[in-house]
Amino acid sequence: MKTISTLMFAAFSVCAYGQTTEATMLKNAYNGIKNNITKMAEAMPEDQYSFKASPDIRTFGQLMGHIADAQGRTCATAAGSEMPPSASSKTSKADLVAALKNSFDICDGVFNSLSDEDAAKMITAGRGGPRSKMGTLWGVVVHSNEEYGYTAVYLRLKGITPPSSAGR
Amino acid sequence: MKTAILLAIAGALTVSAQNPLSGDAKFFYNMVKAEVVRSAEKMPEENYSFKPTPEVRSFGQLVGHVADAQYEFCAPAKGEKKESSVEKTAKTKAELVAGLKEAFSYCDAVYASMTDANAADKVKFFGRDMTKMGVLTFNTVHAEEHYGNMVTYLRMKGLVPPSSENSR
């Protein structure tokens, strides 16, 4: 599974060319989990999207849909844009990969436009809050990392190395 | 799965008007701390050696890894050097839980010392300049990912993870 050095390699990739600010560190963490989840969704074969590690939990596909919905809703609210359609009824790999991409497209605009100046602006998006805009976006990163942690084990159970551990 | 504990804590959340950014960072840290400690306590000792596949960490090793990571992130944020080897040295559940709690206690003080005014202070991390809040939030994100791993391990052993305990 992911090690701290892997995480930091990602963190430094932004710091290397830009000024180290709160906003750049957040954007980097977001790009890290975006990369991992996108690759994960692609790596899992379609016939395993219905796989679940135990009977009482979400399938891999349902988890991908949950991530897409959580990201899309929170980022759309933060952006003041229209809510994306729910991915909860989607089951095919193509539909879920598309839903994830759509949620990342929405979030890209929000994360990329965040400046240190508006980081402390209080908003209500996602669950709970109100919270600072930066805190809300960190919440997206935290939640997506948790879900990625679930599904990294699903991948291992199917003999696939998770993206965060690939190449090591 | 998750979200129930997030909602429960979010409902009780009050963010300091003077420290919205660091207040949010502390909120997410306290959330994952509670989730990881409760997971470590909940998993029976006989399952500390459980690993879903041969090439990944056992549950006990995950607990030790998260403990060690607290020092790897929080010591630089505090401006200290601190070695930790809970993953390699602690063998029993009691030792691992104790090591985990001690590690979080160390980080508690570091997070507590953070305000919005000093959040952007530069700290050295792996030889690079990062912000204090950035390092601490990467710690939270890293712990949350491994909590996600633990969730699937717990589910595979028929246990409800802490973040879902109040949802059923």
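First, a word on scope: everything that follows refers to the structure included in this document. (Residues numbered from 1 in each chain as written. Chains lettered and ligands numbered in written order. Predicted model: local features only at pLDDT ≥ 70, side-chain atom pairs only at ≥ 80, totals over all residues.)

1. Some points on the overall build of chain B
- Scanning chain B for helices and strands turns up six helices and two strands.
- Along chain B, helices and strands appear, N-terminal first, in the series α-α-α-α-α-β-β-α.
- Long-range contacts, defined as pairs at least 24 residues apart, comprise 69% of the intrachain contacts of chain B with a sequence gap of at least 6. (Helix = DSSP H or I, 4+ residues; strand = E, 2+ residues; numbered from the N terminus. Contact = placed C-beta atoms within 7 Å.)

2. Brief notes about helix α4 (residues 93–113) of chain A
Residue and element names in this part refer to chain A.
- The terminal C-alpha atoms of α4, which comprises 21 residues, lie 30 Å apart, in line with the 30 Å expected from a rise of 1.5 Å per residue.
- If you check which residues of α4 are buried, you get L96, A99, L100, S103, F104, I106, C107, V110 and F111.
- Contacts from the buried residues of α4 go to α2 (22–43), α3 (60–79) and α5 (133–157). (Expected span 1.5 Å × (residues − 1). Buried ≥ 20, exposed ≤ 12 C-beta atoms within 10 Å, placed from the backbone.)

3. Regarding the nonpolar core
- In this structure, L26(A), L100(A), L137(A), V141(A), L100(B) and L136(B) are the most contacted members of the largest nonpolar core, which totals 91 residues.
- Breaking this core down by element, the ones donating at least two residues are α2, α3, α4 and α5 of chain A together with α2 (20–42), α3 (59–78), α5 (93–112) and α6 (132–156) of chain B. (Core = buried A, V, L, I, M, F, W, Y, C linked by C-beta atoms within 7 Å.)

4. Section: the pairing of strand β1 (residues 122–125) of chain B
All names here are of chain B.
- Of the pairings in the sheet, the one linking β1 to strand β2 (residues 128–131) comprises four bridges and is antiparallel in character. Note on β2: the bridge partner recorded for K122 is T131.
- With antiparallel pairing between neighbouring strands as the criterion, β1 and β2 make up a hairpin whose turn holds two residues, including F126 at a positive phi of roughly 50°. (Pairing = 2+ DSSP bridges.)

5. Quick word on the packing of α2(A) against α6(B)
- Where α2(A) contacts α6(B), the axes come no closer than 10 Å and their chain directions differ by 20°. Between α2(A) and α6(B), the interaxial angle falls into the category roughly parallel. As α2(A) packs across α6(B), the resulting crossing turns out to be right-handed. Two secondary-structure elements touch here, α2(A) through E22(A), M25(A) and A29(A) and α6(B) through M133(B), G134(B), F138(B) and V141(B). (Axes fitted to C-alpha atoms, helices over the stretch in contact; angles between N-to-C directions. Parallel < 35°, antiparallel > 145°, perpendicular 65-115°, else oblique. Left-handed = near helix turned anticlockwise from the far one by under 90°.)

6. Looking at α2(B)
- With 23 residues, α2(B) extends 33 Å between its outermost C-alpha atoms, agreeing within 8% with the 33 Å of an ideal straight helix rising 1.5 Å per residue.
- Here α2(B) lies mainly inside the structure; 17 of its 23 residues are buried.

Purely geometric stuff here, so don't read any function into it on its own.
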